Amino acid sequence: MINVQQQSMILIVDDVPTNVQILAEALSSVYRIKVASNGVDALKIVQRERPDLILLDVMMPGMDGFEVCRHLKEDVRTQNIPVIFVTAKNANSDEELGLNLGAVDYITKPFVIPIAKARIRNHIRLKQQADLLESLSLLDALTGIPNRRRFDEALAAELKQAIRDATPLSLLMIDIDHFKQFNDHYGHGAGDVCLQMVAMELAKGVVRPSDLVARYGGEEFVVILPETDQLSALQIAERLRVRIEKLGLPHACSETGNVVTISVGIATQARIPEGFMPQLLVDMADKALYAAKENGRNRVCSH
Ligand SMILES: [Mg+2]
């Protein structure tokens, strides 16, 4: 749970000390400020400190701001930190590239300090709201389907029920094939839309009210299938795989085909012993998913 009273932390990344100084002076009365003069140091600080917002210079020697942003957005632990690019005025193509990489805004040099401050304040407020909602909510903020927390609760509850009723329980672990390449090629904005479309299609693809589709994290999804034996789970998994393929979302950089596809790992526990740990079922499904990947992706594999 975040504490909204706590001072938010802003990381300023710029190779020109004067730029850093101007921004730091303008912001240090309201925020905690960290500073980096190059991309590599910036990424190190982000891993250690988890700032609430990053002001990122585009033009830097070595790793430029776009590259830093790409790294941040590739890592599930840092991808939700808002990035504002700081750049010299009048480069529209840069602005487009930056926003497609997942930046939330642009600030142009030379700074108009009150405007820069107002924009930063707005984005910090949005970040605090998103953090709070995410921590309170059982829904994933991006896709709107149940999140990891809801999944953990539901799996524990369904296991108890299955033990009580002596019924089988199946779990599907799903991963979008070559999603990193998709993001690299189309940008993170398109990547987010892809996650939303896949989530929606998976949710439509399960019909029983007791089945639960959730986002497990990154490009991974899970489906809990109560009272479902291995054969039925296999049929459901295959149905979901076909649905996603038929969505026909173009994927120019997939080695598996020219559209977005998924791999699915299935774990079924026919008779569940007392004290069975939920994590065990997750691990089994994960192993099966790994096998599906190893065997060529866009396929279903049972543990
Ligand atoms: Mg620079």
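This structure is a prediction, so every number in the text was calculated from the model and none was measured.

**What about helix α1 (residues 17-27)?**
Then, number 1: Inspection of α1 places Asn19, Val20, Leu23, Ala24, Ala26 and Leu27 among the buried residues, and these make up the whole buried set. Buried residues in α1, looked at end-on, bunch into an arc of 165°, giving them a common side. Every exposed residue of α1 that faces more than 90 degrees away from the buried side is listed here: Pro17 and Glu25.

**A short note on the packing of helix α2 (residues 39-49) against helix α3 (residues 65-74)**
Then, number 1: Close contact between α2 and α3 brings their axes to 10 Å; oriented N to C, the two are set at 25°. Between α2 and α3, the angle falls in the class roughly parallel. For the crossing formed where α2 meets α3, the hand is right-handed. Of α3, the residues touching α2 (which contributes Gly39, Leu43 and Val46) are Val68, His71 and Leu72.
Then, number 2: Per-class residue counts for the contact of α2 with α3 are four nonpolar, two polar and no charged.

**A few points about the nonpolar core**
Then, number 1: Counting residues in hydrophobic clusters, the biggest one holds 27 residues, and the most contacted among them are Leu172, Ile174, Ile176, Val198, Leu202 and Phe221.
Then, number 2: Put simply, the parts of the chain that give this core at least two residues each are β6 (169-176), α7 (179-186), α8 (188-205), β8 (220-226), α9 (230-247) and β9 (262-269).
Then, number 3: The contact partners of phenylalanine 221, leaving out residues within four places of it in the chain, are Ile145, Leu172, Met173, Ile174, Ile176, Leu195, Val198, Ala199, Leu202, Ala214, Arg215 and Tyr216.

**Quick look at the packing of aromatic side chains**
For any pair of aromatic rings, geometry is given as the distance between the ring centres together with the angle between the planes.
Then, number 1: With the rule as written, the count across this model stands at five aromatic pairs.
Then, number 2: The interplanar angle of 85° and the centroid separation of 5.7 Å between the aromatic rings of phenylalanine 151 and tyrosine 216 together place this pair among those described as edge-to-face. In this pair, phenylalanine 151 sits in helix α6 (residues 148-165) while tyrosine 216 sits in strand β7 (residues 212-217), placing the two residues 65 residues apart along the sequence.
Then, number 3: Under the relative-accessibility criterion, phenylalanine 151 is labelled buried at 0%.
Then, number 4: Given the relative accessible area of 14%, tyrosine 216 is considered buried.
Then, number 5: Consider the rings of phenylalanine 182 and tyrosine 186, whose centres lie 4.6 Å apart with planes at 40°: the pair is tilted. Of this pair, phenylalanine 182 and tyrosine 186 both sit in helix α7, four residues apart, which is roughly one turn of that helix.
Then, number 6: Residue phenylalanine 182 is classed as buried on the basis of its relative accessible area of 5%.
Then, number 7: By way of ring pairs, the aromatic residues Phe66, Phe85 and Tyr106 are connected into one cluster.

**So, the pairing of strand β3 (residues 53-57)**
Then, number 1: Counting buried positions over the five residues of β3 gives five, a clear majority of the element.
Then, number 2: Both faces of β3 are covered, namely the face carrying Leu53, Leu55 and Asp57 and the face carrying Ile54 and Leu56.
Then, number 3: The sheet contact formed by strand β1 (residues 9-13) and β3 spans four bridges and is parallel. Counterpart to valine 13 in the pairing with β3 is leucine 56.

**Observations regarding α6**
Then, number 1: Between the first and last C-alpha of α6 there are 25 Å, a value that for 18 residues agrees with the 26 Å anticipated at 1.5 Å per step.
Then, number 2: On its buried face, α6 sits against β6, β7, β8 and α10 (278-294).
Then, number 3: Where α6 begins, one side-chain oxygen reaches toward the backbone nitrogen of arginine 149, 3.2 Å away; that side chain belongs to asparagine 147.
Then, number 4: Of the residues one or two after α6, alanine 166 is the one with positive phi, at around 55°.

**Examining the sheet that holds β8**
Then, number 1: Pairing within the open sheet is mixed, and its five strands lie in the order β7-β8-β6-β9-β10. Pairing within the sheet leaves two strands with one partner each, and these edge strands are β7 and β10 (300-302). Between one strand axis and the next, the sheet turns through 20° on average, direction left out of account.
Then, number 2: For β7 and β8, the ladder comprises five bridges, and the chain directions are antiparallel. Its bridge partner lying in β8, valine 213 is registered against valine 223.
Then, number 3: Across the sheet, α9 lies against β6, β8, β9 and β10, angled at about 165° from β9, the strand it touches most.

Definitions and cut-offs
Every chain begins its residue count from 1, and numbering advances along the sequence as written. For a predicted model such as this one, the threshold for reporting local features is a pLDDT of at least 70, and the threshold for listing and counting side-chain atom pairs is 80 or more; totals across whole chains, interfaces and linings nevertheless cover every residue. Hydrogens are left out, water is left out, and the side-chain values use all remaining heavy atoms of the structure. Each residue gets one of three labels from its accessible area relative to the maximum for its type: buried under 20%, exposed over 50%, partly exposed in between, using a 1.4 Å probe on protein chains only. Only runs of H or I of at least four residues qualify as helices and only runs of E of at least two qualify as strands under DSSP, and these elements are numbered from the N terminus. Directions drawn from the helix axis to the C-beta atoms are what define this arc. An axis is simply a line fitted to the C-alpha atoms; with a helix, the fit covers only the stretch in contact. Between two such axes, the angle follows the N-to-C directions and lies from 0 to 180 degrees. Note on terminology: angles under 35 degrees are roughly parallel, angles over 145 are roughly antiparallel, angles of 65 to 115 are roughly perpendicular, and the others are oblique. Two helices cross in a left-handed way if the nearer one is turned anticlockwise from the farther one by less than a right angle. They cross in a right-handed way if the turn is clockwise. Two residues qualify as a contact provided that any one of their heavy atoms is within 4.5 Å of a heavy atom in the partner residue. Under the grouping applied here, Gly and all other residues not named as nonpolar or charged are polar, the nonpolar ones being Ala, Val, Leu, Ile, Met, Phe, Trp, Tyr, Cys and Pro and the charged ones Asp, Glu, Lys and Arg. In these notes, a set of buried Ala, Val, Leu, Ile, Met, Phe, Trp, Tyr and Cys residues joined through side-chain atoms within 4.5 Å is what counts as a nonpolar core. Aromatic rings from Phe, Tyr and Trp, taking only the six-membered ring of Trp, are treated as a pair when their centres fall within 6.5 Å; an angle between ring planes under 30 degrees marks them as stacked, one over 60 as edge-to-face, and anything in between as tilted. Strand pairing requires that DSSP identify at least two bridges connecting the strands. One less than the residue count of a helix, multiplied by 1.5 Å, gives the span that helix is expected to have. Each polar contact in these results corresponds to two N or O atoms within 3.5 Å; when the atoms are within protein, one needs to be able to donate a hydrogen and the other to accept it, and residues that are neighboring in sequence are counted only if both atoms are side-chain atoms.

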